[in-house]
Structure formats: C-alpha cells, structure tokens
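# Analysis of the macromolecular model
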Amino acid sequence: MVRAIVIADDDGSITTRVSEVEEADLPEGDVVVDVAYSTVNYKDALAMVNGRPVVASFPMVPGVDFAGTVVSSEHAAWRPGDAVVLNGWGVGERRWGGLAERARVDGDWLVARPGGLSARDCMVIGTAGYTAMLSVMLLEQQGVNPGSGPVLVTGATGGVGSVAVAVLAGLGYEVVAATGKASEEAYLRALGAADVVDRAELSGDVRPLAKQRWGAAIDNVGSVVLANVLAATAYGGTVIACGNAGGMDLPSSVAPFILRGVRLVGVESVMAPIELRRTAWARLATELPASARDAMALDATLADAPDIARRMLAGETRGRYAVDVRS
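Below: a short report on this structure. The model shown is predicted, which means the values in this text are computed figures rather than measured ones.

Cut-off values and rules
- Residues numbered from 1 in each chain as written.
- Predicted model: local features only at pLDDT ≥ 70, side-chain atom pairs only at ≥ 80, totals over all residues.
- Heavy atoms only, no water.
- Helix = DSSP H or I, 4+ residues; strand = E, 2+ residues; numbered from the N terminus.
- Buried < 20%, exposed > 50% of the residue type's maximum accessible area, 1.4 Å probe, protein only.
- Contact = heavy atoms within 4.5 Å.
- Salt bridge = Lys/Arg side-chain N within 4 Å of Asp/Glu carboxyl O.

A word on unusual backbone geometry. Most peptide bonds adopt trans geometry, and most residues besides glycine take a negative phi value. Note that the residue after Arg 52, namely Pro 53, is joined by a cis bond; omega there is 5°. Among the secondary structure elements, Pro 53 is positioned in the loop between α1 (42-50) and β4 (65-73). With an omega of -5°, the peptide bond between Phe 58 and Pro 59 qualifies as cis. Positive phi values are uncommon outside glycine, yet Asp 11 reaches one of about 55°. Judged by its relative accessible area of 80%, Asp 11 falls in the exposed class.

A few words now on the environment of Gly 246. In this structure, Gly 246 sits in the loop between β12 (233-241) and α6 (255-259). Judged by its relative accessible area of 42%, Gly 246 is partly exposed. Remark: the alpha-carbon pair of Gly 246 and Gly 222, spanning 24 residues in sequence, is separated by 5.5 Å. What Gly 246 contacts, discounting residues up to four positions off in sequence, is Val 221 and Ser 223.

Let us look at the pattern of salt bridges. A complete count under the given rule lists 17 salt bridges for this structure. Put simply, Arg 52 and Asp 9 hold a salt bridge, and the shortest N to O gap is 2.8 Å. In this pair, Arg 52 sits in the loop between α1 and β4 while Asp 9 sits in strand β1 (residues 2-10), placing the two residues 43 residues apart along the sequence. Between Arg 189 and Glu 185 there is a salt bridge whose closest N-O contact spans 2.9 Å.

This is the structure we're talking about:
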C-alpha cells in the first residue's frame, strides 16, 4: 500500500484526504520512483479544493511535481538509485501525481536531480521555481538585461514570484516586487527586491497607456493586473505572462503593442521540451541563492497539504512548501 493524498468526487462534493492506495493501481509507466518530497503549487491547490477543471478524472492523486529516487526502471536512461525530479506532463491532473510515497511515470519525463540540490531543495523550488526560471530565460532571449531598467514581478510573495525576485536580483537586475501583503515587505527585500509596490496600484481601471515605470515584467496574476502592467511598461519592453491567479481574461488594448512596441510573451511549463527543463534546473542549482531558497522554505507533512491548499487560494500563504511525503 502507498500513502497518498486522494481527491474524490462524492456525488459532486469534492473530498481531499490522506488515504492508502494499492501500488498496483499506480498509472502505467516504465520507471517507479520512491518520492521523498513534493510540494503544493497553485494548480495543486485548485485541484485539492475545487477538483475540476484541473482534475480530469477521479480519484486523483495531486502533485504536479516531485523529487525522489528510482526504485525500478525499464527505461534505458534510468536505473535504481538515480536521483530524479519531475515537473508537469499532466501528472497530478490527468494521471496520479507526486503527493504520494511512490509514483510510476514515463522515464522520458524525468530530469536528473542537479548536483548541489537535495530532494527537499528541489521541492522548495518546485514547478513554481522552474516556471520562474523559464520566465527569466525568456526575458534574456528577448534581450532584457540588467541595464534595461527595473523589472516588475507581480504576485511576488507566491512561489513563482518569490523565485523570480531572488533569481533576477542575483543576476543583477533592479527588481520591483508587487504584492497585496504589506506585511511581507521585509521578506521581499530579503529576497533581493529593490522596491516593493502595493498591488492596488495595478488593480484599478485600465488605461490604454500609463506612465512608463519598468523595462520588463514577469506577471503571475493576469486579468486587470496584467493589463495595467502592459500599460506602464517602457518603450520596447517585454512582459512575461506565466500565471492567472487574478483571472484568465485580459482587458487590455493594442496601445502598448503598437504605440510602444511592448512585447507580451507567454510561458508554458507543463509540456516544455526536456532540454529546456535540464537547462532551467541546472541554472536554478547555481543562480538561485541558497540564502533566498532557505528564506522562502517552509516544511510540511502529507497531511498538511489540503489545508495549505485552502490557505493558498485564500491568499494566506507565501514562499514555498516542501512536503515530506514520508511523514
């Protein structure tokens, strides 16, 4: 038997609890992994609290990522004892995920755990941090550098935002962190933010253009916030869209694009090519300062995960939870 978080649909009522499942019921795959740590990403929180539309079928074991050790393998790239990390590929949505003591997956989805990072470190980073690094890499591809002006990070106390602030600051960027939690200013400055602004400044009525305030941005919120970010981005600037905590809509206009040459670039992390994943994880191992990683780290047990999910959706969390699935 395998201990796991199980989401069930009981005649339209979603229940999420720690249960035991038969190992034989794990999904098909050519690699079996003993999971050491998983985490609670925003998508996991949506799955555990709301079920659909994140969860494709029930029962479901959530957890879109995990870090652990290969137990058995029929895949040429992996053998027992290998330390691995997984992000995305529909795990925790369409097939059972990482909030369990054991997982069976396709070996093509695994990345070797980078040297210098423990399994716990990897899940402090998690899919949120991996997405943040993909966002930073896209900024660089668009020619954004520390001389391009301040970089705004919205949703800065969340998982993606926290890692983005720390990585950008470590690379020499001037980071402006936007948050609705005034009490977390010290936390954001400890991660490297040069300035902290109130999210309310980005939540009002959207104008086609506003005063130019930053050279680039990483947005985790979407909707009105993203529209206001675009309106205040400097000429030729780039905005990376990687989240939708504020909504899926975008009540903007073409003005930032055709009058200032602003570029809006999206990040997709679930199905990203394996080489891109390897690059992102290699960079996280060296470019996310250990002090920042430790500052955002919170420890949790498997039984804590459903409550973390509820608090996350209520906006009551910050940083990154490392869930020890063995405890």
